[in-house]
Amino acid sequence: MRMPALVLCAALCATALTAASDGLQVRSIDGRAFALFAPKSPVSAVFFIATDCPISNWYAPTIQQVCRDYATRGVDCTLVYEDLDLGATPVTLDAAIRTHLREYRYGSITATVDHTRAVARRAHATVTPSVVLVDRAGAIRYRGRIDNGYADLGKPRQHVTSHDLRASLDALLAGRPVPTPETEAVGCYIADPAAIQKKR
Amino acid sequence: MRRYLLLSLLAVVLIGSAAVLAQTARRSATAPASATVTFTETIAPIVYGNCVTCHRPGQAAPFSLISYEDVAKRGALIARVTEARYMPPWHGDTEFGGFIGERRLTDAQIATIGAWVTQGMPRGDERRLPKLPEFAADGWQLGEPDLVLEMPAGFDVRASGPDVFRNFVIPTRLTEDKWVRGVEYRPGARKVVHHAIFAAVAGGSLAALDGADGRPGFGGMGTVGVLNGNGQGSQGLGGWAVGATPQMMPPGVATRLPKGADFLLQVHFHPSGKPETEKSLIGIYFSDRPPDKDLMTISVPTLFGVGAGIDIPAGTKEYSIKESFTLPGDMKVYSAGAHAHYLARQMIATATLPDGSTRSLLRITDWDFNWQDGYVYKQPFTLPKGTRIDATITYDNSAENPRNPVSPPRRAVFGEQSFDEMGAVLLDFEVVNKADKPAFEQAIGLRVKEAIQVAGKNGTLGRFLARANRERGGRQQLTVLDRSGAVITRVADPAFLQHAAMSPDGKQVAVLKVDSDTGYEDIWIYDVATGTGRALTNDEARDMAPVWSADGRSIAFVSARENTFGIYRRAVDGQSAEERLYVQNTGATIFLTDWSADGKLLTFWSNDTMYVMALTSDRPLAQLVNARGGRFSPDGRLLAYNGLAQPPGRFHVYVLPLDASSAASLAASLKATPKQVSIDNAIGGLFWRRDGRELLFMSQPPKPLVMATDVTSTAAGVESGTPRVLFALPPGVGGPAQLSSVATPDGDRFVFALSLPPRAPTR
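Definitions and cut-offs
Residues numbered from 1 in each chain as written. Chains lettered and ligands numbered in written order. Predicted model: local features only at pLDDT ≥ 70, side-chain atom pairs only at ≥ 80, totals over all residues. Helix = DSSP H or I, 4+ residues; strand = E, 2+ residues; numbered from the N terminus. Buried ≥ 20, exposed ≤ 12 C-beta atoms within 10 Å, placed from the backbone. Contact = placed C-beta atoms within 7 Å. Pairing = 2+ DSSP bridges. Axes fitted to C-alpha atoms, helices over the stretch in contact; angles between N-to-C directions. Nonpolar A, V, L, I, M, F, W, Y, C, P; charged D, E, K, R; others polar. Expected span 1.5 Å × (residues − 1). Arc of directions from axis to C-beta. Core = buried A, V, L, I, M, F, W, Y, C linked by C-beta atoms within 7 Å. Domains from an automatic or database assignment. Parallel < 35°, antiparallel > 145°, perpendicular 65-115°, else oblique. Left-handed = near helix turned anticlockwise from the far one by under 90°. pLDDT = per-residue confidence, 0-100.

**Quick notes on the overall build of chain A**
For chain A, the helix and strand inventory stands at six helices and 11 strands. Looking at chain A as a whole, 42% of its 200 residues are labelled buried. Taking all contacts inside chain A whose residues are at least 6 apart in sequence as the whole, residues at least 24 apart take part in 72%.

Pasting the structure below:
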């Protein structure tokens, strides 16, 4: 049994790190419109997460720590929720996400809900949790895992040995090339609502 | 022998609903992977039969898999995890007829799921959707228990960090011996409880460990083990893992729970990303008569491999231990189990029958410490006399093993810590012919004796004991001394302690404690009279340098919780919210040393600059370079501190008159010429007696002494007498580690976090 073709394409078709300098208008969970991929800060970290993905949740403290550590160095963090609650209205989904933000102590990090998957498509993000780093020109300079805390699904590493996000941030902030611009994230696949049949 | 065994595998087993499984088999076995696959007709029966036991609201799994939408939005993920056989989680197989409750999909089912996802996940005819299996209402799955035990207090699990192993001691208060035929475990915080192991221990036998660090229970994964924490045995009562459905023991089987016993619950917690509090419930079901089956357990290798000479060099990709046992009589096998730590990869036990044929008893090819199931054979079977049981455990101590608990890898030897290894396959059996029982007992007893002898010869036992000693040697104990240096009392059990500070009433000690399991540093408060302790802070951030307010109701302390050091205040009774007093944005370490008696000023040092700040301000009012360890006199008119002296590395004690009436006067007073009080190199432990006329301090090598000197302050300046020796500083205390109140206000009792000399082995 091979991997489903859909998944393979999602993984392989996204290898080119594309520029998206025209920005993408999104609305934050608190109602503020802003442009993703057109950051005002030197580097913007866009995290793809989901409320019901255990690996994504497990990374909450790590995401918060990275954002705290790099806040003073001009790194801006945004959370993009890739939840897909087909039974919920956008309002109830937003409420669930507000609860999640509070419970997982995300504090003041900007969050948005990617209802249509426009953000994930633009960033070629396929998995939660994953992260893209966008430079001031709007180019994606890193895409992939936060670190190697999970070797595979169900295989948490006892020791993180590769801090990919931090290494990429350090390189970008120092004006060096990102050591590994693309890594494979371990977690839950971001589902495309259009792929799910509403009718039989 | 059974008292040595870690797991009694019959008590709780993991089964799904047999009826549901049967239904699944009927419906899906015939579904060809090539035809159009729909959710309602083909996928729902597979999911309902194998996944929804856990993947439904209120259960341990992170999401439900009930509606089409539930399943379709995770279609790719489900295809991936089923294909990898990560889900449903099941790790053992056998050639002896299968296990009860195997959570395993057929190859055809897995192919069908993959085909459905590839085809775009068609929904299908809604009318063909099967009914969701009926599950027992929430509550006790085995019915109302005969005895319900509850953890006496909630245990806080942090949002992140390493896995935690914690043992909870729950008194049963049984007034007579009972026979247990079932145990049902109900975790409270299902997101973080990964697995649990149960045992009975003699009532009160673990009292010294329980709560010794001020939190419920005690740490470590070893106590329910080969050698108990108190040297006494424990009686296994089964276990629980995520996905478990409780089940009664087979008819005629029961385990004794002696009167007055304590129930020992060892829980493995895996942090979830947010803080959780666990308060487990345990339901126990009694049998009204003793068991009519006399089950024995055999461990291959013996005693989890204590005699197998486990010594795995760092980086070794494949390392095996093997042992055999030949049956002295016929045995009827009921269940199997396996136990090892993180490095184990495979566990294989086979039976070679007298006719030479070989069949696998238990085969785990992808051992996962996190999924420790019990394996109950669908049909108990008899192995004839002369059958040889071979068990092989294979370990991977390379860096490529993501589960390796040590990075970079280190040599691993037999032991009870998570970074040690052990390993055995266990079989629960009944001796078929009563006449053979002595032969079994003798054979197993001989194996144990031999294993211990081998362990003694090959160094395993020595290493095991030496490590236990080293661990003890590294710990400190809060020790209260009088003014002559005589020990008045030792407070609580040894732990990794620093920065002890005596409360103003002398009844409590605040101290930095390092959790032996997680390495987290928190502030603890211990009661001197009773030795009980509790955590004032409980988080991943490094918390240190506690200082009491003069009224003893608040503690100010340093924390790195915002990724830079800051000073925070908390009420000792925990009744009010924490308050942030100061944040230092340089990231340098801060050492807080005093809080003035009027409550208005703090003093701390960082990078050998001493600061004085007002609580009403968010930044220091004044600073003094080359100074540390400031202490305000009780009337607030003098400041004692340690100043850097010559040659480098030496310090002296100085005293300055202090005028805190304004920021300017404060800054000006720090510029005055200080009075040197000490004669020899001295740092740490500065303390003003209540009347402000005596200053205590520590003299460092070459003379590690506790000193006292008289100090008077007149309009003409500060005068001090000749320092006198109170007592020799006890070995094992570093002066600079004593930051704050080392003594009671009258200077008559001192507290130190005293390193303990290594102790002789106790067993």
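**Observations regarding the sheet that holds strand E32 (residues 601-606) of chain B**
In sheet architecture, strand pairing relies on hydrogen bonds along the backbone and comes in two forms, parallel and antiparallel. Residue and element names in this part refer to chain B. If you walk across this open sheet you meet the four strands as E31-E32-E33-E34, and the pairing is antiparallel. Of all strands in the sheet, those with a lone pairing partner are strand E31 (591-595) and strand E34 (622-625), marking the two edges. In this sheet, adjacent strand axes meet at a mean angle of 20 degrees when their direction is disregarded. Bridging between E32 and strand E33 (residues 609-614) involves six bridges; their strand directions are antiparallel.

**A few points about the interface of chain A and chain B**
The interface of chain A with chain B comprises 38 residues on the first partner and 38 residues on the second. Those elements that provide at least two residues to the side of chain A that touches chain B are helix H1 (5-12), helix H2 (54-58), helix H3 (60-71) and strand E11 (188-189) of chain A. Per-element accounting of the side of chain A that touches chain B gives the leading share, six residues, to H3 of chain A. In the side of chain A that touches chain B, the residues fall into 21 nonpolar, nine polar and eight charged.

**Some words on helix H6 (residues 437-457) of chain B**
Residue and element names in this part refer to chain B. Look at H6: 30 Å from first C-alpha to last across 21 residues, which is about the 30 Å you get at 1.5 Å a residue. Residues of H6 that are buried include every one of Arg447, Ala451 and Ala455, and no others. Here the buried residues of H6 occupy an arc of 65 degrees about the axis, which is enough to place them on one side. Facing away from the buried surface of H6 by more than 90 degrees, the exposed residues are Pro438, Gln442, Gly445, Leu446, Lys449, Glu450, Gln453 and Lys457. Looking at the residues trailing H6, positive phi occurs at Gly459, about 95 degrees.

**Quick look at the sheet that holds strand E4 (residues 178-186) of chain B**
All names here are of chain B. Within the open sheet, the four strands sit side by side as E1-E11-E4-E8. Their pairing is antiparallel. Lying at the two open borders of the sheet, with one neighbouring strand each, are strand E1 (147-150) and strand E8 (255-257). For this sheet, the mean angle separating the axes of adjacent strands, direction not counted, is 45 degrees. Pairing of E4 with E8, which is carried by three bridges, proceeds in the antiparallel orientation. Residue pairing for E8: Trp179 is matched across the bridge by Arg256.

**Regarding the nonpolar core**
Residue and element names in this part refer to chain B. Among the nonpolar cores identified, the biggest contains 90 residues, and Met347, Leu362 and Val425 are the most heavily contacted of them. Ranked by residues supplied to this core, first place goes to strand E5 (residues 193-201) with seven residues. Among the domains, domain 2 (143-287) and domain 3 (295-469) are the pair contributing at least three residues each to this core. With residues up to four places along the chain from it excluded, the contact list for Leu362 reads Gly92, Thr94, Ala336, Ala338, Met347, Ala349, Tyr375 and Val425. Within the second largest apolar cluster, 85 residues are counted, among which are Phe697, Leu705, Ala743 and Ala753.

**Considering helix H4 (residues 90-103) of chain A**
All names here are of chain A. When the terminal C-alpha atoms of H4 are compared, their 20 Å separation across 14 residues agrees well with the 20 Å that a helix rising 1.5 Å per residue should span. Listing the buried residues of H4 in full gives Asp94, Ile97, His100 and Leu101. On an axial view of H4, the arc spanned by its buried residues comes to 115 degrees, and they lie on one face. Of the exposed residues in H4, those oriented more than 90 degrees away from the buried face are Val91, Thr92, Thr99 and Arg102. Phi for Arg105, located one or two positions after H4, is positive at around 60 degrees.

**Regarding the packing of helix H4 (residues 75-83) of chain B against helix H5 (residues 107-118) of chain B**
All names here are of chain B. Here H4 crosses H5 at 155 degrees, and the two axes come no closer than 9 Å. In terms of axis orientation, H4 runs roughly antiparallel to H5. Relative to H5, H4 is oriented so that their crossing is left-handed. Side by side, H4 and H5 meet where Gly75, Ala76, Ile78, Ala79, Thr82 and Glu83 of the first sit next to Ile110, Ile113, Gly114 and Val117 of the second. Across the contact of H4 with H5, the residue classes break down as six nonpolar, three polar and one charged.

**Digging into the environment of Val742 of chain B**
All names here are of chain B. Secondary-structure assignment places Val742 in the loop between strand E43 (724-728) and strand E44 (749-755). It is 5.7 Å that separates the C-alpha atoms of Val742 and Ala501, two residues lying 241 residues apart in sequence. Leaving out residues up to four positions away in the same chain, Val742 has contacts with Met502, Gly685, Phe687, Phe750 and Val751.

**Some thoughts on the packing of helix H2 (residues 39-50) of chain B against H5 of chain B**
All names here are of chain B. Where H2 contacts H5, the axes come no closer than 11 Å and their chain directions differ by 130 degrees. For the element pair H2 / H5, the angle class is oblique. In this structure, H2 meets H5 at a crossing whose hand is left-handed. Where H2 abuts H5, its residues Thr42, Ile43 and Ile46 lie against Gln109, Thr112, Ile113 and Trp116. Along the lines of polarity and charge, the residues of the contact of H2 with H5 split into four nonpolar, three polar and no charged.

**Some thoughts on unusual backbone geometry**
Each neighbour pair has its own omega, and for Thr128 of chain A with Pro129 of chain A the value is -5 degrees, a cis peptide bond. Take Pro129 of chain A: it is sitting in the loop between strand E6 (127-128) and strand E7 (130-135). Omega for the bond connecting Met87 of chain B with Pro88 of chain B falls within 30 degrees of zero, at -10 degrees, which places this linkage in the cis form. Relative to the elements of secondary structure, Pro88 of chain B occurs in the loop between H4 and H5. One non-glycine residue with positive phi stands out, namely Met121 of chain B, at about 55 degrees.

**Notes on the pairing of strand E24 (residues 508-514) of chain B**
Residues and elements named next belong to chain B. With six of seven residues buried, E24 is to be regarded as a mostly interior element. Across five bridges, the pairing between strand E23 (residues 487-502) and E24 is antiparallel. From the neighbouring strand, Phe496 faces E24, where its bridge partner is Val514. Hairpin connection, E23 to E24: the antiparallel pair is bridged by five residues, and Gly506 has positive phi, about 70 degrees. Pairing of E24 with strand E25 (residues 521-527), which is carried by seven bridges, proceeds in the antiparallel orientation. Of the residues in E25, the one forming a bridge with Ala510 is Ile525.

**Description of the environment of Pro181 of chain A**
Residues and elements named next belong to chain A. Tracing the backbone shows Pro181 in the loop between helix H6 (164-174) and E11. For Pro181, a count of 17 C-beta atoms within 10 Å puts it in the partly exposed group. As for Pro181 and Val132, which are separated by 49 residues in sequence, their C-alpha atoms are 9.6 Å apart.

**What about the pairing of strand E1 (residues 24-27) of chain A?**
Residues and elements named next belong to chain A. As defined by bridge partners, E1 adjoins strand E2 (residues 33-36) across four bridges and the pair is classed as antiparallel. Across the sheet, residue Val26 finds its bridge partner in E2, namely Phe34. Here E1 folds back onto E2, and the loop between the two strands holds five residues, one of which, Gly31, carries a positive phi near 90 degrees.

**As for the confidence of the model for chain A**
Model confidence for chain A is summarised by a mean pLDDT of 85, while 86% of its residues fall at 70 or above. Low confidence marks residues 1-21 of chain A, where pLDDT is under 50. Its contacts with residues over four positions away, or in another chain, come to 38 contacts.

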